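An overview of the molecular structure
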Amino acid sequence: MGTKGTEIVSMDVNELLELLNKAYCDEWLAYYQYWLGAKVCKGPMKDAVIAELEQHATEELGHALLLTNRIIQLGGTPITTPKDWYTWTNCGYDAPDDPYVGTLLEQNIKGEQCAIGVYKKLMDITQTADPVTYNIALQIIEQEVEHEEDLQALKEDLELMVSRK
Ligand code: FE
Ligand code: FE
Ligand code: MG
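First things first, this report covers the structure right here in the doc. Remember, it's a predicted structure, so these values are computed and weren't measured experimentally. Here the residue numbers are simple positions, counted from 1 along each chain's written sequence. Each chain gets a letter, beginning with A, and each ligand a number, beginning with 1, in the order they are written. Local features in this predicted model are restricted to residues whose pLDDT is 70 or higher, and side-chain atom pairs enter the listing and the counts only when it is 80 or higher, whereas totals over whole chains, interfaces and linings include all residues. Side-chain measures here rest on the full set of heavy atoms in the structure, leaving out hydrogens and waters.

**Section: the nonpolar core**
Generally speaking, soluble globular proteins have nonpolar side chains that are buried together. The cut-off we apply is this: Definition of nonpolar core: a set of buried residues of the types Ala, Val, Leu, Ile, Met, Phe, Trp, Tyr and Cys, connected through side-chain atoms within 4.5 Å. Type-normalised accessible area, obtained with a 1.4 Å probe on protein chains alone, sets the label of each residue: buried when under 20%, exposed when over 50%, and partly exposed for intermediate values. Numbering of helices and strands runs from the N terminus, with a helix taken as a DSSP run of H or I at least four residues long and a strand as a DSSP run of E at least two residues long. In what follows, a contact means two residues having at least one pair of non-hydrogen atoms within 4.5 Å.
Formed by 26 residues in total, the largest nonpolar core has its most connected members in Leu16, Leu20, Tyr24, Leu67, Leu74, Tyr119 and Leu122. Of all the secondary-structure elements, those providing two or more residues to this core are helix H2 (13–40), helix H3 (46–73), helix H5 (101–126) and helix H6 (131–163). If you tally residues by element for this core, the top one is H2, at seven residues. Setting aside residues no more than four positions away along its own chain, Tyr24 makes contact with Ala64, Leu67, Thr68, Ile71, Pro78 and Ile79.

**Regarding the coordination of the magnesium ion (ligand 3)**
Definition in use: Each metal's donors comprise the N, O and S atoms found within 2.8 Å of it (within 3.2 Å for Na, K or Ca). Water is not part of the atom list, so some coordination spheres may appear incomplete.
Protein-derived ligands of the magnesium ion (ligand 3) are Glu52 (OE), Gln55 (OE1), His56 (NE2) and Asp150 (OD), with the metal-ligand distances lying across 2.0 to 2.5 Å. Spacing between the donor residues of the magnesium ion (ligand 3) along their common chain follows E-x2-Q-H-x93-D. With Glu52 and His56 both in helix H3, this residue pair falls four residues apart, about one helical turn.

**Section: the coordination of the iron ion (ligand 1)**
For the iron ion (ligand 1), every protein donor is listed as Glu27 (OE), Glu27 (OE), Glu60 (OE), His63 (ND1) and Glu144 (OE), and the spread of their distances is 2.0 to 2.4 Å. Motif for the iron ion (ligand 1), donor spacing along one chain: E-x32-E-x2-H-x80-E.

**Overview of the packing of aromatic side chains**
For clarity, the cut-off: Each aromatic pair joins two rings of Phe, Tyr and Trp (for Trp, the six-membered one) with centres within 6.5 Å, and gets the label stacked for planes under 30 degrees apart, edge-to-face for over 60, and tilted for any other angle.
Considering all chains together, one arrives at four aromatic pairs under this definition. Measuring from centroid to centroid gives 5.8 Å for Trp28 and Tyr31, while their planes differ by 85 degrees, and the two rings are edge-to-face. On the criterion of helical spacing, the pair formed by Trp28 and Tyr31 is a turn pair, its members being three residues apart in helix H2. Overall, the relative accessible area of 19% leaves Tyr31 in the buried class. Taken together, the ring pairs connect Trp28, Tyr31 and Trp85 into an aromatic cluster.

**Quick word on the pattern of salt bridges**
When the charged atoms of two side chains lie near each other, side chains of opposite charge can form a pair. So the rule is basically this: What makes a salt bridge here is a side-chain nitrogen of Lys or Arg within 4 Å of a carboxyl oxygen of Asp or Glu, nothing more.
A full pass over the atoms with the stated rule returns six salt bridges. Between Asp94 and Lys110 there is a salt bridge, with its nearest N and O atoms 3.0 Å apart. Taken together, the residues span a long stretch of sequence, with Asp94 in the loop between helix H4 (85–88) and H5 and Lys110 in helix H5 at a distance of 16 residues. We classify Asp94 as partly exposed; its relative accessible area is 23%. With a relative accessible area of 51%, Lys110 lands in the exposed category.

**Focus: the state of the cysteines**
The cut-off we apply is this: In plain terms, two cysteine sulfur atoms within 2.5 Å form what is called a disulfide here.
Counting across every chain of the model gives one disulfide. Across the disulfide from Cys91 sits Cys114; the S-S distance is 2.1 Å. Taking the sign of the S-S torsion, about -85 degrees here, the bridge from Cys91 to Cys114 comes out left-handed. Taken as a pair, Cys91 in the loop between H4 and H5 and Cys114 in helix H5 lie far apart in primary sequence, 23 residues in all. You can call Cys91 partly exposed: its relative accessible area is 27%. Left without a disulfide partner, Cys25 is nearest to the cysteine sulfur of Cys91, which lies 11 Å away.

**As for the packing of H2 against H6**
A pair of packed helices is captured by two measures, namely the crossing angle of their axes and the spacing between those axes. To keep it simple, the criterion reads: Only the contacting stretch of a helix is used when fitting its axis, a line to C-alpha atoms as for every element, and angles between N-to-C directions run 0 to 180 degrees. Working definition: roughly parallel below 35 degrees, roughly antiparallel above 145 degrees, roughly perpendicular at 65 to 115 degrees, and oblique for all remaining angles. Crossing handedness: left-handed means the near helix sits turned counterclockwise from the far one by under a right angle, and right-handed means the same turn made clockwise.
For the pair H2 and H6, the least separation of the axes is 13 Å and the interaxial angle reads 30 degrees. As the angle between them shows, H2 and H6 are arranged roughly parallel. Of the two elements, H2 crosses H6, and the hand of that crossing is left-handed. The segment H2 lies against H6, with Leu16, Leu20, Glu27 and Tyr34 engaging Thr133, Ile140, Glu144, His147 and Leu151.

In structure tokens form, the structure reads like this:
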């Protein structure tokens, strides 16, 4: 990274890189969980749920891109092996083994809630120590908050639909 760009980071860069890499692994796992969920999804309102899952998959991949760009800019190396996503992840991976829409929504809501916590923590740590990373975390958390809300709204509609039959 540029000399002055590095100078303004007033925290341990290795610690920051570790946090960025952990979030990077979360994003790839979230991407795959959404992407596959959209393929296997079954049940009432499945068209609306699939559209949302597909949109979120694309957005999680966008988060991975923002993170990897920052990791490289800070002189780090993004995790190179998918096998390591599992050991580095904060939020884990919930396999879509049960294709029911309600189950998929619940699993992904849990993932979003974890992600919101991860980026809030990253923002708290970087707020003054690294404004550039702070801004990236802010962009991402705005979408994670939206994701949680989208999924909870779908789950609410699904429950209303099922209970009124
Ligand atoms: Fe994300
Ligand atoms: Fe998300
Ligand atoms: Mg959405």
